[in-house]
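Each chain, letter by letter, is given below.
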Amino acid sequence: MPDHQAIAARLAERLGSNGFLREAGDIAPFRRDSVYCAEGDIIGVARPANLSEVSDVLALCHDAGIVVIPRGGGTGFAGGALPRRQDSAVILSTDRLRAIRSVDIVGDVMVVEAGVTLQAVRDEAARHGRLVGIDHGGAGSSAIGGNIATNAGGNNVVRYGMSRDQLLGIEAVLSDGRLVSSASTLRKSNAGYDLRHLLAGSEGTLAIITAVALKMRPQPVKRVTGLFALASPDAVLTLFAMAKDVLGEAIAAFEVMSQAALAQHYAHAGASAVQPFANDAKWSVLIEADAASVFFDLDAALAALTERALEMEIVRNGILAASLAQRDALWKLREGIAVAMGAWRGPMVRTDTSVPVARVPEFIAGIEAGAQRIVPGAPTFFFGHVGDGNIHFNLAAPPSMPDETFRARMSEVYRMTEDMALSLNGSVSAEHGIGQSKREALMRMKTPVELDLMAGIKKVFDPGGLLNPGKILF
Ligand SMILES: Cc1cc2nc3c(=O)[nH]c(=O)nc-3n(C[C@H](O)[C@H](O)[C@H](O)COP(=O)(O)OP(=O)(O)OC[C@H]3O[C@@H](n4cnc5c(N)ncnc54)[C@H](O)[C@@H]3O)c2cc1C
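Procedures and definitions
- Residues numbered from 1 in each chain as written.
- Predicted model: local features only at pLDDT ≥ 70, side-chain atom pairs only at ≥ 80, totals over all residues.
- Heavy atoms only, no water.
- Helix = DSSP H or I, 4+ residues; strand = E, 2+ residues; numbered from the N terminus.
- Buried < 20%, exposed > 50% of the residue type's maximum accessible area, 1.4 Å probe, protein only.
- Salt bridge = Lys/Arg side-chain N within 4 Å of Asp/Glu carboxyl O.
- Near = heavy atom within 4 Å.
- Polar contact = N/O pair within 3.5 Å; in protein donor to acceptor, adjacent residues only side chain to side chain.
- Areas by Shrake-Rupley, 256 points an atom, 1.4 Å probe, with all protein chains shown as cover.
- Nonpolar A, V, L, I, M, F, W, Y, C, P; charged D, E, K, R; others polar.
- Phe/Tyr/Trp six-rings, centres within 6.5 Å; stacked < 30°, edge-to-face > 60°.
- Pairing = 2+ DSSP bridges.
- Core = buried A, V, L, I, M, F, W, Y, C linked by side-chain atoms within 4.5 Å.
- Contact = heavy atoms within 4.5 Å.
- Axes fitted to C-alpha atoms, helices over the stretch in contact; angles between N-to-C directions.

J.: Sorry if this is basic, but what is going on with unusual backbone geometry here?
T.: Peptide bonds are, in most cases, trans, and in most cases residues other than glycine have a negative phi. Its identity as a non-glycine residue notwithstanding, N151 has a phi of 50°, on the positive side. Here I472, not a glycine, exhibits a phi torsion of approximately 65°, which is positive. Within the element layout of this structure, I472 appears in the segment after α15 (448-461). The exposure class assigned to I472 is buried, which follows from its relative accessible area of 10%.

Set out below in structure tokens:
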């Protein structure tokens, strides 16, 4: 039986009083992520300030047989940074690993420590006229290490890919304290197995990421944004194909919102909500395109797309932002849905699956029918990154249904949604990861051979099973 008092004393001695938190009040914020509360015990929170302290924390815990759980901003959606009921764990927070180590604007590479927030990474790139292609609503509080560990998605995946696609190199430490590698800034290297891509998306189960080298790109100098009203998911895909023809690789976001989802935003935001269309648009699409060259005439391209789509009656109405304030107002619609969903009082099913883009209409129709079969009369909300086949589907109780009755049916709705995605060759987790919450779904998605290989990889990296156990795999 590991001696918790002894390990706490050793960690406090190594890290100092500010580097190791033990008081209940100090630990309380580490007991939650965006959705879940910790069920297990937290021995203390280690806050190493450099690589050698990370290494020592891990080695000390390893030798004492103590579970370590890495944590960035704690904004995850899958319970990945929280101890399971049966665990007593040390949380290793990256919140003091905040150095921006280098910014190279010739090679377009930035090396940052894991605890730097995503927003600070983006701001630093912008100061040098550059862009890092990861962005989402949690940018201000999530850490770059957490973004790489969860392979976060967000609004610009259609243009730049997921977080792993921005990764050039990774510095990480194994559960026994050994350094795996330093953050290589190379743009080309075909030197054997590429471990960085194993660590991206590994949700803290293989190693602790301490620093990353990220690709930068020229900062866009021109950006155009439009909102379109459409009648059906099929029309949304037709518009997507047309937008690719007209705007090409300049499309930076292609987001969809159902009428019910927007109505919920209007109801939540009250008088401050801007309603661009009379509320009869069954589906709305927000398109943003940007370019790093002033010679690309995006205004003309978006105007041409709008004209063509109206002429062919693919869209019923369109609004093009004429100023930054108007652009922000259009984005508030999309972001306001997430806020309204977060503020929903009472139980709600919140899903994050993906399907091949061409199958989005089938997915939406199947989910709607399945949901009404399980919870007749339930309001359904669809919104998300249709350009990546990642539609978030939320479902709430019908007004007349007691919460307890609805709660009893929620797991059936989750199962139906995941099964629908799998039947269309999709994924049970598009961007929020597996953590503790989707392990059963993962078992249904992967082949036995894939699961065997994943378990084998875990054993090679962490033979003692001390690093974030029970996340991704059982
Ligand atoms: C308002 C809001 C909007 C969001 N929108 C999106 C979105 O559009 N797309 C999206 O993908 N996500 C979104 N998220 C979710 C979240 O921000 C991401 O999952 C983010 O990547 C988590 O980063 P974090 O630093 O908060 O990680 P944490 O929550 O601290 O940890 C998440 C997981 O990563 C592991 N981990 C953290 N740091 C490290 C490290 N240094 N080394 C190894 N493992 C580590 C943890 O153990 C855990 O398993 C949103 C969150 C909020 C609050």
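So that's the structure; there's more coming.
J.: What am I meant to see in the pattern of salt bridges here?
T.: For side chains bearing opposite charge, pairing can occur when the charged atoms are close. For the structure on display, the rule yields 25 salt bridges. Among the salt bridges present, the one from R14 reaches D56, with a minimum N-O distance of 2.6 Å. Taken together, the residues R14 in helix α1 (residues 4-15) and D56 in helix α3 (residues 51-64) connect sequence positions 42 residues apart. R14 gets classed as partly exposed once you look at its relative accessible area, which sits at 29%. The exposure class of D56 is partly exposed, given its relative accessible area of 29%. With a closest N to O distance of 3.9 Å, R327 and D328 form a salt bridge.

J.: Explain the site of the ligand here, please?
T.: Residues in close proximity to the ligand total 33 residues, the closest being P70, G72, G73, T75 and T150. For the ligand, an oxygen atom lies 3.5 Å from a polar atom in the side chain of N147. Relative to its unbound accessible surface of 980 Å², the ligand loses 90% to contact with the protein. Every element with two or more residues in the shell around the ligand is listed here: β3 (67-71), α5 (144-150) and β10 (208-215). The leading source of residues in the shell around the ligand is α5, at 5 residues. Considering only residue class, the shell around the ligand consists of 10 nonpolar, 20 polar and 3 charged.

J.: It is not clear to me how the packing of aromatic side chains should be interpreted in this structure. Could you clarify?
T.: The way to describe two aromatic rings as a pair is by their centre distance and the angle between their planes. Inspection of every chain in the model, using the stated rule, returns 4 aromatic pairs. Taken together, a centroid distance of 6.0 Å and an interplanar angle of 50° make the contact between W283 and F382 tilted. Remark: F382 occurs in strand β17 (residues 380-385) and W283 occurs in strand β14 (residues 283-291); sequence separation between them is 99 residues. We classify F382 as buried; its relative accessible area is 2%. By way of ring pairs, the aromatic residues W283, F382 and F393 are connected into one cluster.

J.: For this particular structure, what's the right way to read the pairing of β14?
T.: Strand residues, when the strand is regular, have side chains that alternate between the two faces of the sheet. A large share of β14 lies buried, amounting to 9 of its 9 residues. As defined by bridge partners, strand β12 (residues 222-230) adjoins β14 across 9 bridges and the pair is classed as antiparallel. Of the residues in β14, the one forming a bridge with F228 is V285. Here strand β13 (residues 251-258) pairs with β14 via 7 bridges, running antiparallel. Bridge pairing in β14 links E255 to L286.

J.: Just checking my understanding: could you explain the nonpolar core for this structure?
T.: Nonpolar side chains tend to gather and get buried jointly when the protein is soluble and globular. In terms of nonpolar packing, the biggest core is built from 51 residues, with L230, L239, L247, F254, I287, L305 and L395 touching the most fellow members. If you list the elements that add at least two residues to this core, you get β12, α8 (233-247), β13, β14, α10 (298-311), α12 (360-374), β18 (390-396) and α13 (403-423). In terms of residue count, the dominant contributor to this core is α8 (9 residues). In this structure, L230 is in contact with A235, V236, L239, A281, K282, W283, S284, V285, I314 and V315, ignoring residues within four places of it in sequence.

J.: Explain the pairing of strand β4 (residues 88-93) here, please?
T.: The buried fraction of β4 is high, at 5 of 6 residues. Bridge analysis of strand β2 (residues 41-46) against β4 gives 5 bridges, and the strand direction is parallel. Across the sheet, I42 pairs through a bridge with A89, a residue of β4. For β3 and β4, the ladder comprises 5 bridges, and the chain directions are parallel.

J.: I keep staring at the side chain of E171 and nothing clicks. Help me out?
T.: Along the chain, the position of E171 falls in strand β8 (residues 167-173). On the accessibility criterion, E171 (5% relative accessible area) is buried. A distance of 2.6 Å separates a polar atom in the side chain of E171 from a polar atom in the side chain of T210. When neighbours within four sequence positions are excluded, E171 is seen to be in contact with L51, R101, L179, S181, S182, A183, I208, I209, T210 and A211.

J.: It is not clear to me how the sheet that holds strand β9 (residues 179-181) should be interpreted in this structure. Could you clarify?
T.: The pairing of strands in a sheet happens through backbone hydrogen bonds and is either parallel or antiparallel. Taking strand neighbours across the sheet as the criterion, the 5 strands line up as β5-β6-β10-β8-β9 in an open arrangement whose pairing is antiparallel. Looking at the sheet topology across the chains shown, the edges are occupied by β5 (100-104) and β9. Across the sheet, the axes of successive neighbouring strands diverge by a mean angle of 15°, strand direction being ignored. Bridging between strand β6 (residues 109-113) and β10 involves 5 bridges; their strand directions are antiparallel. In the strand pairing of β10, V109 is matched with K215. Relative to the sheet, α3 contacts β8, β9 and β10, its axis offset from that of β8 by approximately 50°.

Nothing here speaks to function; it is all geometry.
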